[in-house]
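Spelled out, the chains give:
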There are 2 protein chains.
Amino acid sequence: MTKQDLFEQILKKKSYLCVGLDTDIKKIPKHLLATEDPIFEFNRQIIDATAQYAVAYKPNIAFYEAMGVKGWQSLQKTIDYIPKDIFTIADAKRGDIGNTSELYARTFFDKASSGLDFDSVTVAPYMGRDSVQPFLAFEGKWVILLGLTSNVGSHDFQHLKVEVDGEQKALFEQVLTKSQEWGGSDAMMYVVGATQADKLAEIRKIVPDHFLLVPGVGAQGGSLEEVSRYGMNKQCGLLVNSARAIIYASNGEDFAEVAAEEARKVQQEMEGYLSAIL
Amino acid sequence: MTKQDLFEQILKKKSYLCVGLDTDIKKIPKHLLATEDPIFEFNRQIIDATAQYAVAYKPNIAFYEAMGVKGWQSLQKTIDYIPKDIFTIADAKRGDIGNTSELYARTFFDKASSGLDFDSVTVAPYMGRDSVQPFLAFEGKWVILLGLTSNVGSHDFQHLKVEVDGEQKALFEQVLTKSQEWGGSDAMMYVVGATQADKLAEIRKIVPDHFLLVPGVGAQGGSLEEVSRYGMNKQCGLLVNSARAIIYASNGEDFAEVAAEEARKVQQEMEGYLSAIL
């Protein structure tokens, strides 16, 4: 999917909502456990209910891997089920030496190899350029690089002051700067946690044109209003993820209906913020 | 497996060789392609041939994931097949926010959940403490944290000078220092690439007692002699990985035999270096 395609979806749905499919067998409604593939059945109903409000879906791969072979089967069915005009994100946080990252790229982008065909994958930056570039070799696919994450542990290293060419900056700022040598805003996005919304204005100066994937709104405490105020650019430039607050809004038989209602509320709020650029 | 168990294996086999099971369907001998599960069949024969020379096996998870569901099945059979007294490493380079890392820990450590039961997993440090700790909650299991990697891209961020408490050091040095607050040398190891063996003496000052997992000897150009000279401690403290140079030493019907011969050569060289601490 191109950047323009994504922007058009945002305009059409008046939404920049990404629904996180962090599907946990322990948290889904009990009545689904009797179905053949409860994880897929849950996802299918969530997708049917929220697709009109969402421009992206983001399965967190850990939730599927943790169930082994069965989990990968559910993941494959899920990704096949998502309508093709909706952007898909493998939240996998991979990254290894070049020849290995090439295989991770095949995992998420090459259906003939793995059965999966995501539009994008999240990648960790610690191993540098050659851990990222193999993903960029896939035409039309995206790398979403970790910039500044939403968790407490982000303070351990990401905020450390580093010295580059005599200038002091935070490590995450150098990640944003350096990685632009590897790919442009038509093939790379960045993860920026909503819990650090005050940093978004500074981040926008470094990456004015890139899309940012923003987790941490909702359960983790980030504010959609602040994220939108500081993070939006002329092409929106935001995909705001919400998982638990939508998919687990009810754990009764009405879970899909309630999820739709929660997604609709977020979409309506987003519609308001989008008026600033329309 | 405890640190003492691992050291005893090293003494018994006079070896600190880790065999990397980077098993690629495109590189294994052609005659195996007719078997039901060529990846597992290759691994099985490699394990049978090298087990007397190796103290650890390290499947790189990317190679299995890239084949989707089938790959995970081969991985599960492989891990079940490895003798229990040999240390197993899931080279997965995972790491995410706390509740997600918990699921990655289940993936590799909780057989009832995923079918897999590794002794250890490699973890990327960028997301900090809460991305690492869930793995440490599993008694008897190990985190192998990326310190200084063997690839060219390691120069992008790992060597950046950071300032901590008024002191200048490289980012990877701060990773080694900070992470010791999370777990000791009985539950954590570090990845240190053999291609940067000159740094090993400095690294040993920061982590004198920890085991180091050292990739990059062989195909990537690192020297076993230098790694052993600068990296060994009183309990050996090294697991040196070799993958391609052993498992793909021949791609004929004699591949397992030739792999055994290559593993034996490495073991013999290691036996020499071990005499320094025996």
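Conventions we followed
- Residues numbered from 1 in each chain as written.
- Chains lettered and ligands numbered in written order.
- Predicted model: local features only at pLDDT ≥ 70, side-chain atom pairs only at ≥ 80, totals over all residues.
- Heavy atoms only, no water.
- Helix = DSSP H or I, 4+ residues; strand = E, 2+ residues; numbered from the N terminus.
- Rg over C-alpha atoms; globule rule 2.2 N^0.38 Å.
- Buried < 20%, exposed > 50% of the residue type's maximum accessible area, 1.4 Å probe, protein only.
- Contact = heavy atoms within 4.5 Å.
- Areas by Shrake-Rupley, 256 points an atom, 1.4 Å probe, with all protein chains shown as cover.
- Lys, Arg positive; Asp, Glu negative; His and termini not counted.
- Charge placed at Lys NZ, Arg CZ, Asp CG, Glu CD.
- Arc of directions from axis to C-beta.
- UniProt positions renumbered as here; feature names shortened; annotations may be inferred.
- Least-squares fit on C-alpha atoms with pLDDT ≥ 70 in both.
- Polar contact = N/O pair within 3.5 Å; in protein donor to acceptor, adjacent residues only side chain to side chain.
- Pairing = 2+ DSSP bridges.
- Axes fitted to C-alpha atoms, helices over the stretch in contact; angles between N-to-C directions.
- Parallel < 35°, antiparallel > 145°, perpendicular 65-115°, else oblique.
- Left-handed = near helix turned anticlockwise from the far one by under 90°.
- Nonpolar A, V, L, I, M, F, W, Y, C, P; charged D, E, K, R; others polar.
- Disulfide = S-S within 2.5 Å.

### Topic: the overall build of chain A
Looking only at helices and strands, chain A features 13 helices and ten strands. Radius of gyration (C-alpha) of chain A: 18 Å, near the 19 Å computed for a compact globule of 278 residues. Principal-axis analysis of the C-alpha atoms gives chain A an extent of 60 × 45 × 35 Å. Across the 278 residues that make up chain A, the buried fraction comes to 64%. At a minimum sequence separation of 6, the contacts of chain A that also span at least 24 residues come to 71%. Of the accessible surface of chain A, which amounts to about 9800 Å², a share of 48% is contributed by carbon and sulfur atoms. Taking the average location of the 29 positive side-chain charges in chain A and that of its 38 negative ones, the two points are 1 Å from each other.

### Here's the deal with helix 1 (residues 3-13) of chain A
Because an α-helix completes one turn every 3.6 residues, residues spaced three or four positions apart along the sequence face the same direction. Residue and element names in this part refer to chain A. Lys-3, Leu-6, Phe-7, Gln-9, Ile-10 and Lys-13 are the residues of helix 1 that are buried. The arc enclosing the buried residues of helix 1, seen along the axis, measures out at 155 degrees, which places them on a common side. Lining the buried residues of helix 1 we find strand 3 (87-94), strand 5 (142-148), strand 8 (188-192), strand 9 (211-214), strand 10 (238-242) and helix 13 (255-274). Of the residues one or two after helix 1, Lys-14 is the one with positive phi, at around 50 degrees.

### As for the UniProt feature "active site" (unreviewed entry) in chain A
The sites that carry the UniProt feature "active site" (unreviewed entry) are, in the present numbering, Lys-93 of chain A. Turning to its location among the elements, Lys-93 of chain A is positioned in strand 3. For Lys-93 of chain A, the residues in contact, after removing those within four places along its chain, are Thr-122, Val-123, Ala-124 and Leu-146 of chain A together with Lys-93, Gly-95, Asp-96 and Met-127 of chain B.

### Focus on the relation of the copies chain B and chain A
Mapping between the two copies of the chain is achieved by a rotation about an axis and a shift along the axis. The two copies are related by a screw motion: chain B maps onto chain A through a turn of 180 degrees and a shift of 0.0 Å along the axis, at an RMSD of 0.0 Å. What the rotation and shift describe, once combined, is the action of a two-fold rotation axis. By C-alpha distance to the rotation axis, the residue of chain B lying nearest is Val-162 of chain B, at 2.2 Å. Most of the interface of chain B is mirrored in chain A, where 100% of its interface residues again form contacts.

### Here's the deal with the side chain of Ser-101 of chain B
Residues and elements named next belong to chain B. By secondary structure assignment, the location of Ser-101 is in helix 5 (residues 98-109). Given a relative accessible area of 0%, Ser-101 falls into the buried group. Here the side chain of Ser-101 touches Ser-131 through a polar contact of 2.7 Å, landing on its backbone oxygen. Setting aside anything within four residues of it in sequence, one finds Ser-101 in contact with Gly-95, Asp-96, Asp-130, Ser-131, Pro-134 and Phe-135.

### Focus on the sheet that holds strand 5 (residues 142-148) of chain B
Sheets are built from strands that pair by backbone hydrogen bonding, the pairs being arranged parallel or antiparallel. Taken together, eight strands build a closed barrel; the order of strands is 1-2-3-4-5-8-9-10 (chain B) and the barrel is parallel. Strand-to-strand twist of the sheet, defined as the mean angle between neighbouring strand axes without regard to direction, takes the value 30 degrees.

### Points about the environment of Ala-201 of chain A
Residue and element names in this part refer to chain A. As for its placement among the helices and strands, Ala-201 is situated in helix 10 (residues 200-206). Overall, the relative accessible area of 35% leaves Ala-201 in the partly exposed class. On a C-alpha basis, the gap between Ala-201 and Met-232 in space is 9.4 Å, while along the polypeptide they are 31 residues apart.

### Brief notes about the packing of helix 2 (residues 38-50) of chain B against helix 13 (residues 255-274) of chain B
All names here are of chain B. Contact geometry for helix 2 and helix 13: axes closest at 8 Å, N-to-C directions at 40 degrees. Judged by the inter-axis angle, helix 2 sits oblique to helix 13. Our pair here, helix 2 against helix 13, has a crossing hand that is right-handed. Across from Phe-42, Gln-45, Ile-46, Ala-49 and Thr-50 in helix 2, the residues of helix 13 making contact are Phe-255, Ala-256, Ala-259, Ala-260 and Ala-263. The residue inventory of the contact of helix 2 with helix 13, partitioned by class, reads eight nonpolar, two polar and no charged.

### A short note on the sheet that holds strand 7 (residues 167-170) of chain A
Spatially, four strands are ordered 7(A)-6(A)-6(B)-7(B) in an open sheet, and the strand pairing comes out antiparallel. With one partner strand each, in any of the chains shown, strand 7 of chain A together with strand 7 (167-170) of chain B form the two edges of the open sheet. Neighbour-to-neighbour, the strand axes of this sheet turn through a mean angle of 35 degrees, independent of strand direction. Two elements, strand 6 (residues 161-164) of chain A and strand 6 (residues 161-164) of chain B, share three bridges in a ladder whose sense is antiparallel. Within the sheet, the bridge partner assigned to Glu-163 of chain A lies in strand 6 of chain B and is Lys-161 of chain B. Sitting on the sheet, helix 9 (residues 171-178) of chain A is in contact with strand 6 and strand 7 of chain A, with an inclination near 100 degrees to strand 7 of chain A. Running over the sheet, helix 9 (residues 171-178) of chain B touches strand 6 and strand 7 of chain B and is turned about 100 degrees from strand 7 of chain B.

### As for unusual backbone geometry
Of note, Lys-14 of chain A is a non-glycine position whose phi angle comes to about 50 degrees, a positive value. Along the chain, Lys-14 of chain A falls in the loop between helix 1 and strand 1 (17-21). Not every positive phi belongs to a glycine, and Lys-93 of chain B is a case in point at roughly 50 degrees. Judged by its relative accessible area of 7%, Lys-93 of chain B falls in the buried class.

### Structural notes on the packing of helix 11 (residues 224-231) of chain B against helix 13 of chain B
All names here are of chain B. Helix 13 packs onto helix 11 with a crossing angle of 30 degrees between their chain directions and a minimal axis gap of 11 Å. Taken as axis vectors, helix 11 and helix 13 run roughly parallel relative to one another. Considering only the axes of helix 11 and helix 13, their crossing is right-handed. Contact with helix 11, carried on its side by Leu-224, Glu-225 and Ser-228, involves Val-266, Glu-269, Met-270 and Tyr-273 of helix 13 and no other residues of that element. Grouping the constituent residues of the contact of helix 11 with helix 13 by class yields four nonpolar, one polar and two charged.

### Topic: the UniProt feature "domain: Orotidine 5'-phosphate decarboxylase" (unreviewed entry) in chain A
Feature annotation in UniProt places "domain: Orotidine 5'-phosphate decarboxylase" (unreviewed entry) on residues 16-259 of chain A, given in this structure's numbering. Across residues 16-259 of chain A, the secondary structure splits into 38% helix and 20% strand, with the terminal C-alpha atoms separated by 16 Å.

### Describing the state of the cysteines
Chemically, a disulfide is nothing more than a covalent bond linking the sulfur atoms of two cysteines. Residues and elements named next belong to chain A. Under the definition given, this model contains zero disulfides over all chains. Left without a disulfide partner, Cys-236 is nearest to the cysteine sulfur of Cys-18, which lies 12 Å away. Judged by its relative accessible area of 0%, Cys-236 is buried.

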